[in-house]
Amino acid sequence: MSKPSTSVDVVRISTKGPGDVSGLLRLIETGQIAPETIVAILGKTEGNGGVNDFTREYAMAALCEALSQHLKLTPRAVEDKIALVMSGGTEGVLSPHLTVFTRTPAAQGANGAGGKRLSIGIAHTRDFLPEEIGRVIQIEETVAAVHAAMRDAGIDDASEVHFVQIKCPLLTSERIEAAAHRGRKTITTGAYASMAYSRGASALGVARALGEIDGAIEEERILKDWDLFSSVASCSAGIELMHNTVIVMGNSDFSLSPFVIGHAVMRDSIDLSSVIEALKSAGLGLADAQSPERLANIFAKAEASPDGCVRGFRHTMLDDSDVGSTRHARAAVGGLIGGLSGTGAVYVSGGAEHQGPPGGGPVAVIARV
């Protein structure tokens with residue numbers, strides 16, 4: 001693969017609410033971020049993370065409106081240019097924030113960075129019909145989009161991919177009814193259940209794209225065969241789109257970024273050793289983990305163990321009729337990682353179907369070299 005060298009920068013910005021873009025605008029106005037270099041923004045918003053979590057859409061609208069003025073584009077065009085992924089749910093100590101990724105061409109004649117460095121690429125699938133969500137077609141379209149994002153990032157070795165963030169659609173009663181009106185049947189008639197199907201199919205697409213799973217995946221295995229999973233996929237479903245937005249992060253020879261990325265896989269929600277392993281894979285020790293000069297951010301998936309136990313002891317996350325299991329899981333993993341990193345401004349997303357082993361999930365670390 002031949003690709004011009006680029007440099008990727010990462011900035012974490014605290015927010016006061018889902019519509020707060022003041023921190024980002026301040027960095028733009030002071031020249032610390034050039035808006036035309038922004039390639040992706042990952043955000044945590046304080047909604048419930050469910051079907052009716054409109055904080056995600058609100059945050060996206062606020063970002064698109066604010067950036068449109070600087071980029072001289074319509075808000076819709078901003079959404080097409082920049083990969084925007086908002087993940088709802090900041091339970092426990094998790095803190096609402098944005099992580100902004102910029103990508104600039106390296107200066108002509110710039111020397112190499114001395115090893116592979118952080119690179120990022122984005123892609124989008126086409127819009128899905130409601131009856132396609134959670135089915136094999138979503139897997140296949142995701143495979144193509146991941147490959148496209150890898151090319152955009154200048155990564156041709158799947159082993160150098162350490163995190164794949166996907167924002168995927170969900171079903172609403174209107175979408176289900178529209179499919180039925182056309183004589184089509186959706187994978188489920190439950191809006192909340194559709195989030196799991198969409199996340200699961202998207203994650204399996206990542207696994208197929210990166211060679212973690214060989215061969216075709218039958219539809220009957222989605223949300224059934226938990227031996228199938230990706231070690232780097234992080235998928236979040238939302239009402240605000242009908243396609244998959246794909247962000248691939250890895251290390252590349254084409255990057256002159258001051259950052260690197262590494263990852264590990266948590267086997268359950270209290271797997272501290274795997275978080276430490278992820279830190280080490282990015283060149284960080286425990287003392288470095290609480291240094292904002294070294295740690296850019298930690299990204300993790302959280303899931304309640306489906307057998308109702310964590311290491312032989314019963315948990316009640318699946319039986320709580322007041323608080324959803326994904327909210328419990330986010331709070332648990334957020335507390336674990338927040339305690340280690342010294343901040344609640346870490347990106348922890350709930351619902352890890354086919355994203356890591358059952359009850360666990362990928363955890364990725366971006367660090368300054």
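The rules we used
- Residues numbered from 1 in each chain as written.
- Predicted model: local features only at pLDDT ≥ 70, side-chain atom pairs only at ≥ 80, totals over all residues.
- Heavy atoms only, no water.
- 1 Å grid on protein atoms, 1.4 Å probe; cavity = no way out; pocket = protein on both sides within 12 Å on 5 of 7 lines; lining within 4 Å.
- Points joined across faces, edges and corners; volume = space filled by probe spheres on them.
- Helix = DSSP H or I, 4+ residues; strand = E, 2+ residues; numbered from the N terminus.
- Nonpolar A, V, L, I, M, F, W, Y, C, P; charged D, E, K, R; others polar.
- Pairing = 2+ DSSP bridges.
- Axes fitted to C-alpha atoms, helices over the stretch in contact; angles between N-to-C directions.
- Contact = heavy atoms within 4.5 Å.
- Polar contact = N/O pair within 3.5 Å; in protein donor to acceptor, adjacent residues only side chain to side chain.
- Parallel < 35°, antiparallel > 145°, perpendicular 65-115°, else oblique.
- Left-handed = near helix turned anticlockwise from the far one by under 90°.
- Salt bridge = Lys/Arg side-chain N within 4 Å of Asp/Glu carboxyl O.
- Buried < 20%, exposed > 50% of the residue type's maximum accessible area, 1.4 Å probe, protein only.
- Phe/Tyr/Trp six-rings, centres within 6.5 Å; stacked < 30°, edge-to-face > 60°.

Chemist: Can you explain the layout of surface pockets? Please cite residues and give values.
Modeler: Here the largest pocket defines a volume of roughly 250 Å³. Taken together, 19 residues line the second largest pocket, and the ones lying closest to its centre are Tyr192, Met195, Arg199, Thr326 and Gly350. Taken together, the elements giving at least two residues each to the lining of the second largest pocket come down to strand 3 (83–88), helix 6 (191–209), strand 7 (233–238), helix 8 (325–341) and strand 13 (347–350). Taken together, the residues of the lining of the second largest pocket sort by class into eight nonpolar, seven polar and four charged.

Chemist: Describe the sheet that holds strand 5 (residues 117–124), listing the residues and the values that go with them.
Modeler: In spatial order, the strands read 5-8-6-7; together these four strands make up an open sheet with mixed pairing. Edge strands, defined here as strands with exactly one partner in the open sheet, are strand 5 and strand 7. Shown here is a sheet whose adjacent strand axes are inclined to one another by a mean of 15 degrees, direction ignored. Bridge count between strand 6 (residues 161–169) and strand 8 (residues 245–252): six bridges; the pairing is antiparallel. Bridging from a neighbouring strand, Val161 pairs with Gly250 of strand 8. Most of the contacts of helix 6 go to strand 7, to which it runs at about 150 degrees, and overall it touches strand 6 and strand 7.

Chemist: Got a sec to walk through empty space enclosed by the protein? Specific residues and values, please.
Modeler: Under the definition given, this model contains one cavity of 30 Å³ or more. Estimated volume of the largest cavity: approximately 70 Å³. Every residue lining the largest cavity is counted, 15 residues in all, and those nearest its centre are Thr15, Gly17, Pro18, Ala59 and Leu98. Of all the elements, strand 2 (residues 38–45) adds the most residues to the lining of the largest cavity, at three residues.

Chemist: So what's going on with the side chain of Ser119? Residues and values would help.
Modeler: Looking at the secondary structure, you find Ser119 in strand 5. A polar side-chain atom of Ser119 sits 2.3 Å from the main-chain carbonyl oxygen of Ala153. Among all residues touching Ser119, those that are not within four sequence positions of it are Val8, Ala153, Ile155, Val248, Met249, Gly250, Ser252 and Ser255.

Chemist: Residue-level account of the environment of Met249, with values.
Modeler: Its location among the elements puts Met249 in strand 8. Excluding residues that lie within four positions of it along the chain, Met249 makes contacts with Leu42, Phe101, Leu118, Ser119, Ile120, Ile155, Glu160, Val161, His162, Phe163, Ile261 and Ile366.

Chemist: Can you tell me about the packing of helix 7 (residues 272–281) against helix 8, naming the residues and giving the values?
Modeler: Helix 8 packs onto helix 7 with a crossing angle of 50 degrees between their chain directions and a minimal axis gap of 11 Å. As summarised for this structure, helix 7 and helix 8 are arranged oblique, according to the angle between their axes. As helix 7 packs across helix 8, the resulting crossing turns out to be right-handed. Seen from helix 7, the contacting residues are Leu272, Val275, Ile276 and Leu279; seen from helix 8, they are Leu336, Ile337 and Leu340. Here the contact of helix 7 with helix 8 is composed, by residue class, of seven nonpolar, no polar and no charged.

Chemist: Pulling in residues and values, what's your account of the pattern of salt bridges?
Modeler: Applying the stated criterion across every chain yields a total of 17 salt bridges. Here Glu91 makes a salt bridge to Arg330, at a shortest N to O gap of 2.8 Å. Remark: Arg330 occurs in helix 8 and Glu91 occurs in the loop between strand 3 and strand 4 (97–105); sequence separation between them is 239 residues. Here Glu91 and Arg330 have matching classes, each one buried. Of the charged contacts, one joins Asp253 and Lys116 as a salt bridge, the two residues approaching to 3.0 Å between their closest N and O atoms. Placement of Asp253 in the loop between strand 8 and strand 9 (259–266) and of Lys116 in the loop between strand 4 and strand 5 is noted, with a sequence separation of 137 residues between them.

Chemist: Can you lay out the packing of aromatic side chains for me, pointing to particular residues and giving the numbers?
Modeler: As enumerated under the stated definition, the model contains three aromatic pairs in all. Seen from their ring centres, Phe101 and Phe299 are 6.4 Å apart, and the 35 degrees between their planes marks the pair as tilted. Separated by 198 residues along the polypeptide, Phe101 in strand 4 and Phe299 in strand 10 (residues 295–302) bring together distant segments of the chain. For Phe299, a relative accessible area of 0% translates into the label buried.

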